[in-house]
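# Residue-level structural notes
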Amino acid sequence: MIQPPVGSAPPRPPVLTARSSSTNACMHGASRPAQLQLPESPRVKRATTLRKDCVGTPASRGTSSSIMTPHPTSSWRTAPCWQDGEQAREQHFRSAGASVIQRAYRRMKFVYATFGPMVFCRKEGGPADFGKLAFADRSSLDVANFITISDTTSIEHFTNFTSFYWKLIRPEVIISVTGGARNFELSPRLQRMFDRGLVDAARASKAWVITGGTDTGVMKLAANALRSHGVDHPIIGIVPYGCVNNKEVLEGLKGGTAYYPASSPTSKGAPLNARHTYFILVDNGISSPPPWGSEIAFRAQFESEYRERKRVPSVLLVVQGGPGTLGTILTTARVETPIVILVESGGAARAVYSYVQNGAVPDGFETWEDSLREIASCTQTPTASCSPSS
């Protein structure tokens, strides 16, 4: 072996990552020479093997680095490695699933809050009319929201619209009012009982009151009673569009405010009540003859959506009414919703109470005995009633 000269510096150790003499070739597009690799220590090699055994090969586990990280409370020495891998994988999929759901909810909320009415259409296929109504006979400056939609509209989508566009807060209870559509008067004593019962029930909870929406009959009585006693809860009118007077002022409105003129009920329809805060005008494509009752199916589905899917209890209040009211009572009785009837108001309220109590069919309801019988069979216990003497 050749020894270095005395007094000379010792030889320098080799540089592990030194480039070869072909460095200039790399700059001209030639392949870069491979670098020398340090050998792995036994501990590093063992840890790499354990991680691969836990979560699989790089091809099977994707590019997520969070799966490769052991659970912070576990140890390679104290727990089997496969448990840490499974826990990390499960946590990863849970987080990913939650993110997908949250993004979908935010997207849905944005669509309905921004484009809400444009999602729906009329019966003939045209876009829904919507906006605000300013009533000529209302003394305050408040306006009511309205939308005209097809009677085949998806109830699930429409409830999203009421939540995100109209920003209606989920109620604690729904009070559905039905009965006589023609104008009638209650005795002063009965009127006080009706007002006190409805107002107290609405004030006791964050209630929605749903009516037929027109300025006639029990719809007018209910809305006026609530507003005259200062109750500011939502009063929602669900009305057959073909029966609305002066509906031409609503035609083609896509936002903005329409001034709704005062009018009187006629054989062809009725005006909207100025005390309501929201109107859902249900269009079945028919305007002559007036399609009274064409909104009943939509109204039943709307109330059922909140009762069954959103777990909101509801109660039906019946005041007077004719044979057509029996359809609403029957639909409500089938789903075992509580029914309160004002017996002394007469009409359908008296007919249902009499048949449930003693099987008697009042005059004028002979052809509706089958409906009365089914209502009685759906009510296992006598229907709740109110009368001045009770």
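Look above for the structure.
It should be emphasised that the depicted structure is a prediction, and the values quoted were computed from it without experimental measurement. (Residues numbered from 1 in each chain as written. Predicted model: local features only at pLDDT ≥ 70, side-chain atom pairs only at ≥ 80, totals over all residues. Heavy atoms only, no water.)

### Regarding the environment of Arg-203
Inspection of the secondary structure assignment puts Arg-203 in helix 6 (residues 188-203). Each residue touching Arg-203, except ones within four places of it in the same chain, is listed here: His-229, Gly-230, Val-231 and His-233. (Helix = DSSP H or I, 4+ residues; strand = E, 2+ residues; numbered from the N terminus. Contact = heavy atoms within 4.5 Å.)

### Describing the nonpolar core
With 25 residues, the main nonpolar core has Val-177, Leu-186, Phe-194, Leu-198, Leu-226, Val-319 and Leu-342 as its most contacted residues. When contributions to this core are tallied by element, the ones reaching two or more residues are strand 3 (173-179), helix 6, strand 4 (207-211), helix 7 (217-228) and strand 8 (314-319). Counting residues per element, this core draws most heavily on helix 7, which supplies seven residues. Leaving out residues up to four positions away in the same chain, Val-177 has contacts with Val-209, Ile-210, Thr-211, Val-218, Ala-222, Arg-299 and Leu-317. Phe-120, Phe-161, Phe-164 and Phe-298 belong to the second largest nonpolar core, which has 24 residues in total. (Core = buried A, V, L, I, M, F, W, Y, C linked by side-chain atoms within 4.5 Å. Buried < 20%, exposed > 50% of the residue type's maximum accessible area, 1.4 Å probe, protein only.)

### Section: unusual backbone geometry
Of the consecutive residues Ser-288 and Pro-289, the connecting peptide bond is found in the cis state with omega at -5°. Looking at where Pro-289 falls in the secondary structure, it is placed in the loop between strand 7 (278-283) and helix 8 (296-309). If you check the backbone angles, Gln-320 has positive phi at about 55° while not being a glycine. Of note in this structure, Glu-336 is not a glycine but carries a positive phi near 60°.

### Examining the side chain of Glu-295
Relative to the helices and strands, Glu-295 resides in the loop between strand 7 and helix 8. Although Glu-295 lies buried, it forms no salt bridge, and the closest oppositely charged side chain, Arg-299, sits 5.4 Å away as judged by the N-O distance. Setting aside residues no more than four positions away along its own chain, Glu-295 makes contact with Ile-238, Val-239, Pro-240 and Val-282. (Lys, Arg positive; Asp, Glu negative; His and termini not counted. Salt bridge = Lys/Arg side-chain N within 4 Å of Asp/Glu carboxyl O.)

### Some details on the packing of helix 9 (residues 323-334) against helix 11 (residues 369-378)
Look at helix 9 against helix 11: their axes get within 9 Å of each other, and the N-to-C directions meet at 25°. Overall, the two elements helix 9 and helix 11 adopt an arrangement that is roughly parallel. Of the two elements, helix 9 crosses helix 11, and the hand of that crossing is left-handed. Residues Leu-326, Ile-329, Leu-330, Ala-333 and Arg-334 of helix 9 form the contact with helix 11, whose own contacting residues are Ser-371, Leu-372, Glu-374, Ile-375 and Cys-378. Per-class residue counts for the contact of helix 9 with helix 11 are seven nonpolar, one polar and two charged. (Axes fitted to C-alpha atoms, helices over the stretch in contact; angles between N-to-C directions. Parallel < 35°, antiparallel > 145°, perpendicular 65-115°, else oblique. Left-handed = near helix turned anticlockwise from the far one by under 90°. Nonpolar A, V, L, I, M, F, W, Y, C, P; charged D, E, K, R; others polar.)

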